[in-house]
Amino acid sequence: MYKCNTHPQSLRPHLHLQELTKQFSGVTAVQSLWLEVQAGEILALLGPSGCGKSTTLQMIAGVVQPDSGTITLNSQILNRVPPERRDIALVLQRGLLFPHLTVGENVAFGLKMRGVSRAERDEKAIAMLRQVQLEGFADRKPSELSGGQAQRVALARSLIIHPKLLLLDEPLSALDANLREEMQDLILRLQAQTGVTMLIVTHDQAEAVVMSQRIALMFEGCLRQVDTPEQIYRQPCDETVARFMGGVNFFAAEAHGRQWRSNDLTLLSEYDHDGCVQVTIRPEQIQVLAEGRSQANTLPATVIANRFTGTQRRLTLAIAPELTLQAWVTPTQDFRVGQSVWAYLPPSALWCFPHRTVPYPVQVP
Amino acid sequence: MIFVKLQPASQHHPAPSLTQPFPWQAYLLMLPAVGVVGLVFGGGLVLALLQSVGAIGLLGERQISLTAYQAALTNPEFLRSLSLSLYIAVVATGLSTLISIGLALLLRTAGRWASFACQITLPIPHLVGIVGVLLLLSPSGFISRSLYALGWIQSDQDFPLLVNDTANMGVLLHFLWKEVPFITLILLAVLRSINPAYEMQAQILGATPWQRFWNVTLPMMRTGILSSSLIVFGYIFASFEVPFLLGSTRPRTLPVLVYRAFTDSDITRRAEAIALGIILSVLSLLMIVAYSWLVSRGGQKRQFTKDA
């Protein structure tokens, strides 16, 4: 039942990283990393700052050499191929447009390096700018662009060379929230149009969930879980992953098959397990009811805190002397502090992993 | 319920804008610097101009005319001197710049010692350098004597003439020794301020090492190269003591020609010397204008014809 699927078997891997390891001055940045990315897939490399995800990206791009392990793209081992001949594009956090070139020249840069004639690359650059909704910007200087526009130009500059693989290193982290959503849509639309395989590095779990088909979660240079966003969200492989994905409810229990006992309470789950476990449930999946009902996993509780965040109401519920859970309900569901309520924990939402006495190092952004 | 519309802080307390300063304030702040430059250099230049057109007579007489300029420009040596000055300035500046670009690229990742090494020659006066070149490269210099001692040459006559020669090799070598560290120092600072991620980005986009240098590194060094080479060019073009002591005796560079005319036993040639000096100043000014034009031309955008 544990979803530590770090090396999924696939039929047609496009990018294949095997035992990739990198150390800087004796400090391990990436440790024996295995990863496969399918052709046309969008995979997010997610993890806290300093976990080695950008180093992994730089090794794939070829600007950092791995100490050991192999990088294979379309069955070709890339380790000894220089970056300029890998046909991989990289978009960095701030776009990094060449300041001495115009927007059009920036977009056409990769074509110029490939010896494409000026007329052809100008035509392609303008078409590419149209695709990123920057028609008419070709003659501007990068200094005349906003952050979002610069990032779109960087994207156009990378896509114009039709890369085999597009790497995006925190591409949206410098943008404000509204712009970020626009850019997410644009990137996904362009990916759908071009079918390019994409590897996105991000520390923002919401961004990873929205943008990718699969998430590879990294902690301290190691891959912890590779799965679909939904699986990683609902069925994390351990407490570190669960906390990183925004989990806040954790409690110890004794599992006997689908019956889990904790604090003199018996909970039913859809998942089988035996022994000492750490149970988790996402706060938005707990249902808070004013009236009780005779249904399994419906527990009497008292509201001990109520915080309104605009889009939701965050309730803290005291269920047993040593068991408090957070439930995030809609803003219209208003409960008083001190009010007696009923908390329903759906069996499908209760998830567990082996109990650890020493917690994982957690670094939530 | 009362909604209070919050104004951005800048609307409450407008911050002083750097892009729109009060002009009179800026001019006032520039006054001390402009005053010194204006009095010392501008005053001297105006005085020279007045003398060259005869508004102030050298011997008390006053007769306004352009005779001095006519004499300067019809001087058979003028064009040859101008050509020689330009040749020395162009070759010395060009070579210094090329060598400095290479050195700066080589020393880019070197430690602080590189910048320190470049500063060693800066405080050494040109005269000391000239003496050094004479001691090393003259027919009776250290190298010539060493080669003789080794038996490679039979006499100092076999040693190539490198000082006071027609090709001005000694002058060029002296300027290279003095200016290469200066330009390298400036270019090192420029190079170290360039984010290496630009070159990395270019490499990933398919640029070979040469393409990276030509399309990214060099254009980003452009301002530093132009400004440092302009300073060096201006200095070499107007330099007197180096070509005077190490250069060819005929033709002479323009500043040497000015000096010769100014110290001529015929005191009436002074007006011509001053006119030559004014011409030299005008030429230097024209070069600054040409530089500004070059910089603004580089900043012009190439039009994408098919774009709106």
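Residues numbered from 1 in each chain as written. Chains lettered and ligands numbered in written order. Predicted model: local features only at pLDDT ≥ 70, side-chain atom pairs only at ≥ 80, totals over all residues.

## Some points on the sheet that holds strand β6 (residues 88–91) of chain A
Residue and element names in this part refer to chain A.
Next, step 1: The strand order β6-β7-β8-β3-β9-β10 describes an open sheet built from six strands, whose pairing is mixed. Of all strands in the sheet, those with a lone pairing partner are β6 and β10 (222–227), marking the two edges. Neighbour-to-neighbour, the strand axes of the sheet open up by a mean angle of 20°, direction not taken into account.
Next, step 2: Sheet topology note: the strand β9 (residues 214–219)/β10 ladder contains five bridges and is antiparallel. Opposite M218, over in β10, you have L223 as the bridge partner.
Next, step 3: Sitting on the sheet, helix α1 (residues 53–61) is in contact with β3 (42–46), β6, β7 (165–169), β8 (197–202) and β9, with an inclination near 150° to β7. (Pairing = 2+ DSSP bridges. Helix = DSSP H or I, 4+ residues; strand = E, 2+ residues; numbered from the N terminus. Axes fitted to C-alpha atoms, helices over the stretch in contact; angles between N-to-C directions. Contact = placed C-beta atoms within 7 Å.)

## Looking at the environment of B:F182
Residues and elements named next belong to chain B.
Next, step 1: Tracing the backbone through its elements, the reader meets F182 in helix α8 (residues 169–193).
Next, step 2: Along the chain, F182 and W293 lie 111 residues apart, while their C-alpha atoms are 24 Å from each other.
Next, step 3: Those residues within four positions of F182 in sequence are excluded, and the remaining contacts are L122 and V232.

## Comments concerning the interface of chain A and chain B
Next, step 1: With 27 residues of chain A at the interface, the matching set in chain B holds 21 residues.
Next, step 2: Here the residues of the side of chain A that touches chain B are counted per class, giving 14 nonpolar, five polar and eight charged. (Nonpolar A, V, L, I, M, F, W, Y, C, P; charged D, E, K, R; others polar.)

## Section: the packing of helix α9 (residues 196–204) of chain B against helix α10 (residues 209–238) of chain B
Residue and element names in this part refer to chain B.
Next, step 1: Two elements in contact, α9 and α10, have axes separated by 10 Å at closest approach and are oriented at 160°. As far as their axial angle goes, α10 and α9 are roughly antiparallel. In this structure, the crossing between α9 and α10 has a hand that is right-handed. Where α9 abuts α10, its residues Y198, E199, A202 and Q203 lie against R212, N215, V216, T217 and M220.
Next, step 2: The class makeup of the residues in the contact of α9 with α10 is four nonpolar, three polar and two charged. (Parallel < 35°, antiparallel > 145°, perpendicular 65-115°, else oblique. Left-handed = near helix turned anticlockwise from the far one by under 90°.)

## Let's talk about the nonpolar core
Considering soluble globular proteins, one finds that nonpolar side chains tend to be buried as a cluster.
Residues and elements named next belong to chain A.
Next, step 1: The biggest cluster of nonpolar side chains holds 107 residues, and the ones touching the most others in it are L45, L129, L167, A216, L217 and A343.
Next, step 2: Among the elements that line this core, the one with the most residues is helix α5 (residues 147–159), at six residues.
Next, step 3: Counting only domains with at least three residues in this core, you end up with domain 1 (13–242) and domain 2 (247–354).
Next, step 4: Ignoring sequence-local partners within four residues, the contact set of L167 consists of L57, I60, A61, I88, A89, L90 and L199. (Core = buried A, V, L, I, M, F, W, Y, C linked by C-beta atoms within 7 Å. Buried ≥ 20, exposed ≤ 12 C-beta atoms within 10 Å, placed from the backbone. Domains from an automatic or database assignment.)

## Structural notes on the domain arrangement of chain A
Residues and elements named next belong to chain A.
Next, step 1: Split by domain assignment, chain A resolves into domain 1 (13–242) and domain 2 (247–354).
Next, step 2: Relative placement of domain 1 and domain 2: their C-alpha centres are 39 Å apart.
Next, step 3: Each partner contributes to the interface: domain 1 provides seven residues, whereas domain 2 provides six residues.

## Thoughts on the confidence of the model for chain A
All names here are of chain A.
Next, step 1: With 94% of its residues at a pLDDT of at least 70, chain A reaches an overall mean of 89.
Next, step 2: In the predicted structure, residues 1–11 sits below a pLDDT of 50 and forms 22 contacts with residues beyond four places in sequence or in another chain.
Next, step 3: This stretch, residues 358–365, has a pLDDT under 50; its non-local contacts, to residues over four places away or in other chains, come to 11 contacts. (pLDDT = per-residue confidence, 0-100.)

## Observations concerning the pairing of strand β14 (residues 298–308) of chain A
All names here are of chain A.
Next, step 1: Sheet topology places β14 next to strand β17 (residues 340–344); five bridges connect them, and they run antiparallel. Bridge pairing in β17 places L299 opposite A343.
Next, step 2: The pairing of β14 with strand β15 (residues 313–320) spans six bridges and is antiparallel. Each bridged residue has a counterpart across the sheet, and for A305 the counterpart in β15 is T316.
Next, step 3: Between β14 and β15, which pair antiparallel one after the other, the connecting turn spans four residues, and G310 there sits at a positive phi close to 105°.

## A look at the packing of helix α4 (residues 76–107) of chain B against α8(B)
Residues and elements named next belong to chain B.
Next, step 1: Following both chains from N to C, one finds α4 and α8 inclined at 45°, their axes separated by 7 Å at the closest point. Put simply, α4 runs oblique to α8. Crossing of α4 over α8 shows right-handed handedness. Counting all contacts with α4, which are made through I88, V91, A92, L95, S96, T97, I99, S100, I101, L103, A104 and L107, the residues of α8 involved are V171, L172, F175, L176, E179, V180, I183, T184, L187, L188 and L191.
Next, step 2: Here the contact of α4 with α8 is composed, by residue class, of 18 nonpolar, four polar and one charged.

## Concerning unusual backbone geometry
Next, step 1: In this structure, the amide linkage connecting B:R250 to the following residue, B:P251, adopts the cis form with an omega of -10°.
Next, step 2: Position of B:P251 among the secondary structure elements: in the loop between α11 (241–246) and α12 (254–262).
Next, step 3: Although it is not a glycine, A:S25 sits at a positive phi angle of roughly 50°.
Next, step 4: Here A:S25 is to be found in the loop between β1 (13–24) and β2 (27–38).

## Points about the sheet that holds β14(A)
All names here are of chain A.
Next, step 1: If you walk across this open sheet you meet the five strands as β13-β17-β14-β15-β16, and the pairing is antiparallel. Strand pairing shows two members of the sheet lacking a second neighbour, β13 (287–289) and β16 (323–329), which therefore form its edges. Strand-to-strand twist across the sheet, computed as the mean angle between neighbouring axes with direction ignored, equals 40°.
Next, step 2: Where β13 lies against β17, three bridges are found, and the strand directions are antiparallel. By the bridge assignment, L289 is partnered in β17 with W342.

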